[in-house]
Amino acid sequence: MTDNASDKTNRPAPDSGADAGQTIWGGRFSAKPADLMQAINVSIGFDKRLAPQDLRGSRAHAAMLIKTGVISQDDGDKILQGLDTIENEMAAGTFPFREEFEDIHMNVEVRLKELIGEAAGRLHTARSRNDQVATDFRLWVREACERSILQLQDLQRAVLALADANADTIMPGFTHLQPAQPVTFGHHLMAYVEMFGRDAGRFADARERMNESPLGAAALAGSPFPIDRRMTAEALGFARPTANSLDSVSARDFALEALSAAAICATHLSRLAEEIVLWVTPQFGFIKLSDAFTTGSSIMPQKRNPDAAELVRAKAGRILGSLVGLMTVMKGLPLAYSKDMQEDKPPVFEAFDSLSLSILAMTGMAQDMQPDRARMAAAAGGGYSTATDLADWLVRVLNLPFRQAHHITGAAVKRAESLSVDLQDLPLPEFQAIEPRITEDVRTFLSPEASVASRNSYGGAAPAQVRAQIERWKERLS
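Residues numbered from 1 in each chain as written. Predicted model: local features only at pLDDT ≥ 70, side-chain atom pairs only at ≥ 80, totals over all residues. Heavy atoms only, no water.

Draft legend 1. Quick look at the packing of aromatic side chains. Within the structure shown, the criterion is met by 10 aromatic pairs. Ring plane angle 65° and centroid distance 4.8 Å describe the contact between Phe-95 and Phe-97, whose orientation is recorded as edge-to-face. Judged by centre distance (5.6 Å) and plane angle (70°), the ring pair of Phe-137 and Phe-254 falls under edge-to-face. Of this pair, Phe-137 sits in helix H7 (residues 129–165) while Phe-254 sits in helix H11 (residues 253–279), and the two are 117 residues apart along the sequence. Members of the aromatic cluster, each reached through a chain of ring pairs, are Phe-137, Trp-140, Phe-203, Phe-254, Phe-349 and Phe-352. Taking NZ or CZ as reference, Arg-49 lies 4.8 Å from the ring centre of Phe-349, over its face. A cation over an aromatic ring shows up here: Arg-142 above the ring of Phe-238, its NZ or CZ 4.7 Å from the ring centre. (Phe/Tyr/Trp six-rings, centres within 6.5 Å; stacked < 30°, edge-to-face > 60°. Helix = DSSP H or I, 4+ residues; strand = E, 2+ residues; numbered from the N terminus. Lys NZ or Arg CZ within 6 Å of the ring centre and 35° of its normal.)

Draft legend 2. Main features of the layout of surface pockets. What the largest pocket holds in volume is close to 480 Å³. If you go around the largest pocket, you meet 21 residues; those closest to its centre are Gly-173, Phe-174, His-188, Ala-191 and Glu-275. Sorting the residues of the lining of the largest pocket by element identifies strand S1 (170–175), strand S2 (178–184), helix H8 (185–210) and H11 as the ones contributing at least two each. When residues of the lining of the largest pocket are assigned to their parent elements, the largest contribution, 5 residues, is made by H8. Residue classes in the lining of the largest pocket are distributed as 12 nonpolar, 6 polar and 3 charged. Estimated volume of the second largest pocket: approximately 310 Å³. What lines the second largest pocket is a set of 15 residues, among which Val-280, Thr-281, Pro-282, Ile-287 and Arg-304 lie closest to the centre. A per-class count over the lining of the second largest pocket returns 6 nonpolar, 5 polar and 4 charged. (1 Å grid on protein atoms, 1.4 Å probe; cavity = no way out; pocket = protein on both sides within 12 Å on 5 of 7 lines; lining within 4 Å. Points joined across faces, edges and corners; volume = space filled by probe spheres on them. Nonpolar A, V, L, I, M, F, W, Y, C, P; charged D, E, K, R; others polar.)

Draft legend 3. Just the pairing of S2, in detail. Direction of pairing for S1 relative to S2: antiparallel, over a ladder of 5 bridges. Within S2, the residue paired with Pro-172 across the bridge is Pro-182. Taking the residues that link successive antiparallel strands as the turn, the S1-S2 hairpin has 2 residues, and the phi of His-176 there is positive, at about 55°. (Pairing = 2+ DSSP bridges.)

Draft legend 4. Molecular detail of a nonpolar patch on the surface. There is a patch of nonpolar side chains on the surface, built from Leu-220, Leu-246 and Leu-335 and spanning about 270 Å² of accessible area. Judged by its relative accessible area of 31%, Leu-246 is partly exposed. (Patch = residues over 30% accessible without salt bridge, like charges linked within 9 Å, V, L, I, M, F, W, Y side chains within 5 Å. Areas by Shrake-Rupley, 256 points an atom, 1.4 Å probe, with all protein chains shown as cover. Salt bridge = Lys/Arg side-chain N within 4 Å of Asp/Glu carboxyl O. Buried < 20%, exposed > 50% of the residue type's maximum accessible area, 1.4 Å probe, protein only.)

Draft legend 5. Here's a closer look at the side chain of Glu-89. The topology assignment puts Glu-89 in helix H5 (residues 73–92). Beyond its immediate chain neighbours, meaning those up to four positions away, Glu-89 contacts Thr-94, Phe-95, Pro-96, Arg-111 and Leu-115. (Contact = heavy atoms within 4.5 Å.)

Draft legend 6. The packing of helix H4 (residues 51–67) against H7, seen in detail. Running from N to C, H4 and H7 point in directions that differ by 125°, and their axes come no closer than 9 Å. When the axis of H4 is compared with that of H7, the two are oblique. For the pair H4 and H7, the crossing hand works out as right-handed. Facing Gln-53, Asp-54, Arg-56 and Ser-58 of H4, the residues of H7 in contact are Gln-132, Asp-136, Leu-139, Trp-140, Arg-142 and Glu-143. (Axes fitted to C-alpha atoms, helices over the stretch in contact; angles between N-to-C directions. Parallel < 35°, antiparallel > 145°, perpendicular 65-115°, else oblique. Left-handed = near helix turned anticlockwise from the far one by under 90°.)

Draft legend 7. The environment of Gly-57, seen in detail. Within the fold, Gly-57 resides in helix H4. The buried category is assigned to Gly-57, whose relative accessible area is 5%. Sequence separation of Gly-57 and Phe-185 is 128 residues, and the distance between their C-alpha atoms is 49 Å. Apart from residues lying up to four places away in sequence, Gly-57 is in contact with Arg-127, Leu-215 and Leu-236.

In short, the description is geometric, and any link to function would need to be established separately.
Here's what the structure looks like:
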């Protein structure tokens, strides 16, 4: 996809029917590559996705070359008109993508030559495919980050609406997947609103760091022509040009950082997907999903499978694999460009395709799911989930050290378990046999509802706190 030799400044583009080896490499080679070499070298099958970015970069470069006097106004106008024609062909699906021209850059250059003649060869003045692809790829990844932010905000709004409707819906909170303390469904969902907010922030941070233009760095050393890199950076929406030409063409940390953000986001999506898979089982029965996000079985007619959630969970592995794959490609490369870097785009394309589909699917499930409030409430008191409330009561009312209160509570749980009753139903004499100062008043603090209501610290599970956080996020997302 890139120039591994010197910049081909002002070289006329060859005729489209020329030998493929001659087309790309010019006079240095006397024979075309072997068929196997062509097969491993060609990238147009995937990098044609960079066509919109390639055209944007070429327009900005051509306009700069005209303004700086590097090429004539007449040649520049022909180039810009030819690029418009190519864009129209691509929109109409008639552009001839050809493997013999290896990548998107040469496909555009050759087609431009077919359309406007020798003037097409002047477009490559003061640039290399090295800075060209680095620019195209940054533009694509920047747009992917922006798209991910918008999709995550839509997901947050969907989860937020569900949380708002269930701010006081009691459910069990878990640690180690064991009942721990009662919370509300709204509180549980708001944890994911927070996670997805941080994910959006990571994409925004990555976008900020990558927002520098490599265009004009040429092959690796810059250009002897009087180019204006700030002009092209501004035209492409970059904050500034990159400051080191070697780094400009060899850096792919912008893609790695974006993939890192994608992998973390996919991990959060996978965690919520796993909870959905659990919640829809008959054993939990906390939520229901409609036909829109479930499938059946080819042999078991009773089945309703949460396949959308399972696939979101699985795609996290693909996205993480993309990150590890690109890190492995980059880890041993000396400066500046090596052909290994052609392999940077497939994992990024695949990861962001998978991420986009996962976010959209999760948004749909959040809008679709219906909680079973009675089932959640019944489960919230199981597993002696209000035991901590008994310990807290002993500390507050009897002024016991927490560790002593913890020991007394453990004994009370053990006794309730032996009698097969809930903690709040343990007879008072049984409580008093463990700690004589316990009174009937303790029962008012041992229901799941009372437990949740008492957790009124900032960010806690009390419905008032949950609603406060919901309002904060509504304002942020408005």
